[in-house]
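# A look at the structure
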Amino acid sequence: MNRLMTHFWRCTVACLLVALPLAAAHADAGQALFVYGKAYVVSADGSRTALTKGSTVQSGDTIVTSANGRVQMRMEDGGLLALRPQTEFVIEEFNFPASAGGAVASAGEPRSFFALVKGGFRSITGAIGKADKADYRVRTPVATIGIRGTDFTAVFCDAGCTGATQKGLYVGVTDGGVTLRNDGGSLDLDPGQFGYVRDAESSPEKSAEAARMLAAEVAPEADESEDESASAEVAAVAEGGENLSGGGAVAGSGGAVAYATGPLGSDNAFTAVSAQ
């Protein structure tokens, strides 16, 4: 996956956000439980703000973490997300109407749709995905991740990652299962299994390298004094034209992850630990 393709894919995501239903675009999708380092939110209209504990996000927002930024989110349906450093993660469409158990009387069908442009995250499915697995998905530049009721980790390397030798998407399943699907085919992964997708045309495959990569030790935290560099990344997302890959490694992409130690939705549900 070269920079031109990443840039093209980012623009495609941006175009889809423009068509986002107005009601969905103004309802809170989730809240930050924990923020370490620097992280930012770029709204669909291009405005950008620092993400702090307690900040809310909406459909259409892009969350950007910098070199040592880590974010833990609780979605409105009780789902949990942990974003790794140097991640660009888009909330494409999130809707949790009262008819599905949500607190807001919003219209439309339940949706928990995301996009991973670069970097990595860990996800624990909330009520939307548990009720109908088709209502949850994560798109990446090389494959779409669907679920079968799950806790999984995914990292997309577009410019080299700690512990990885090839660019592409690396996925590991802790609980439940996921399906990786693209033009090359599909692959089901069960608990304890790992998969790899090189590009949009290559068939997803089980991978021992993915297991090693996702279990790599935490890399030393980067010096987060480069405020200008972090700001430049956020500006690139807001403008919708620049590539955020920057040619650097995804710091700590295979290191500390987050998992739920208590009931979904509790304020202390995430605890940072080393990957197993």
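All residue numbers here refer to positions counted from 1 along the written sequence of the relevant chain. Confidence filtering applies because this is a predicted model: local features only for residues at pLDDT of at least 70, side-chain atom pairs given and counted only at 80 or more, and all residues used for totals across whole chains, interfaces and linings. Hydrogens are left out, water is left out, and the side-chain values use all remaining heavy atoms of the structure.

### Considerations on the overall build of the protein
In this text, helices come from DSSP runs of H or I with a minimum length of four residues, and strands from runs of E with a minimum of two, each type numbered from the N-terminal end. From N to C terminus, the protein includes five helices and 19 strands. Exposure is judged per residue with a 1.4 Å probe applied to protein chains only, and the accessible area is read against the type maximum: over 50% gives exposed, under 20% gives buried, and values in between give partly exposed. Counting over 276 residues, the protein shows a buried share of 54%. Residues are treated as being in contact if the distance between any of their heavy atoms lies within 4.5 Å. Taking the contacts inside the protein whose residues are at least 6 apart along the sequence as the reference set, 60% of them involve residues at least 24 apart.

### A few points about the environment of Tyr40
Looking at where Tyr40 falls in the secondary structure, it is placed in strand S2 (residues 39-42). Taking C-alpha positions, Tyr40 is 9.8 Å from Glu88, a pair spaced 48 residues apart along the chain.

### Let's talk about empty space enclosed by the protein
Grid spacing is 1 Å over the protein atoms alone, the probe is 1.4 Å, and a cavity is where that probe fits but cannot get out, while a pocket is an open set with protein on both sides within 12 Å along at least five of seven lines and lining residues have an atom within 4 Å of a point. Grid points are joined across faces, edges and corners, and a volume is the space filled by probe spheres set on the points. Tallying each qualifying case throughout the model produces two cavities of 30 Å³ or more. The space that makes up the largest cavity amounts to roughly 70 Å³. Along the wall of the largest cavity there are 14 residues; nearest its centre are Gly79, Ser112, Ile124, Gly126 and Tyr136. Put simply, the parts of the chain that give the lining of the largest cavity at least two residues each are strand S7 (80-83), strand S9 (111-124) and helix H3 (127-131). With four residues, S9 is the largest single contributor of residues to the lining of the largest cavity. Split into classes, the residues belonging to the lining of the largest cavity amount to seven nonpolar, six polar and one charged. Three categories are distinguished: nonpolar for Ala, Val, Leu, Ile, Met, Phe, Trp, Tyr, Cys and Pro, charged for Asp, Glu, Lys and Arg, and polar for the others, with Gly belonging to the last.

### Considering the confidence of the model for the protein
The predicted coordinates ought not to be read in detail in places where the model reports low pLDDT. A residue's pLDDT is simply how confident the predictor is in it, with values from 0 to 100. Within the protein, residue pLDDT values average 77, and 66% of them lie at 70 or more. Contacts of residues 217-226 to residues separated by more than four positions or lying in other chains number 17 contacts, the stretch itself having pLDDT below 50. Note that residues 241-276 has pLDDT below 50 and, in this model, 109 contacts with residues that lie over four places away or in other chains.

### Describing unusual backbone geometry
In this model, Gln86 sits at a positive phi of 50°, which is unusual for a non-glycine residue. Along the chain, Gln86 turns up in the loop between S7 and strand S8 (88-95).

### A look at the pairing of S8
Judged by how many residues are buried, S8 sits mostly within the fold: seven of eight residues are covered. Alignment of strand S5 (residues 62-65) against S8, held across three bridges, turns out to be antiparallel. In the sheet register, Val64 faces S8, and the bridge partner there is Glu88. In this sheet, S9 lies alongside S8 in antiparallel orientation, the contact comprising seven bridges. Residue pairing in the sheet places Phe94 in a bridge with Ser112 of S9. DSSP-based pairing: two strands are paired if at least 2 bridges between them are found.

### Looking at the pattern of salt bridges
For this document, the term salt bridge refers to a Lys or Arg side-chain nitrogen within 4 Å of an Asp or Glu carboxyl oxygen. Summed over the entire model, instances satisfying the criterion amount to six salt bridges. Of the charged contacts in the structure, one is a salt bridge between Arg111 and Asp135, with a shortest N-O distance of 3.1 Å. With Arg111 in strand S9 and Asp135 in the loop between H3 and strand S10 (136-139), this residue pair connects regions lying 24 residues apart in the sequence. Look at Asp135 and you get buried, because its relative accessible area is 12%. Salt bridges linked by common partners bring Glu92, Arg137 and Arg139 together as one network.

### Section: the packing of aromatic side chains
For any pair of aromatic rings, the description consists of the separation of the ring centres together with the inter-plane angle of the planes. We call Phe, Tyr and Trp rings a pair once their centres come within 6.5 Å, taking the six-membered ring for Trp, and we label the pair stacked below 30 degrees between planes, edge-to-face above 60, and tilted otherwise. For the structure shown, the criterion picks out six aromatic pairs. Taking the centre distance of 6.5 Å and the plane angle of 90° together, the rings of Tyr136 and Phe152 count as edge-to-face. Here Tyr136 is found in strand S10, whereas its partner Phe152 is found in strand S12 (residues 151-157), with 16 residues between them in sequence. When its relative accessible area of 4% is taken as the criterion, Tyr136 is described as buried. Following the ring pairs from residue to residue traces out a cluster consisting of Phe89, Phe114, Phe121, Tyr136 and Phe152.

### Section: the pairing of strand S16 (residues 194-197)
Taken together, the four bridges between strand S13 (residues 168-175) and S16 define a ladder with antiparallel strand orientation. Opposite Leu169, over in S16, you have Val197 as the bridge partner. Across two bridges, the pairing between S16 and strand S17 (residues 205-206) is antiparallel. Considered in S17, the bridge of Tyr196 is made with Glu205.

### With respect to the environment of Ala143
Mapped onto the fold, Ala143 is located in the loop between S10 and strand S11 (144-147). In this structure Ala143 comes out as buried when scored by relative accessible area, which is 4%. Once residues within four sequence positions are removed from consideration, Ala143 is found in contact with Val138, Leu169, Arg181, Asn182 and Val197.

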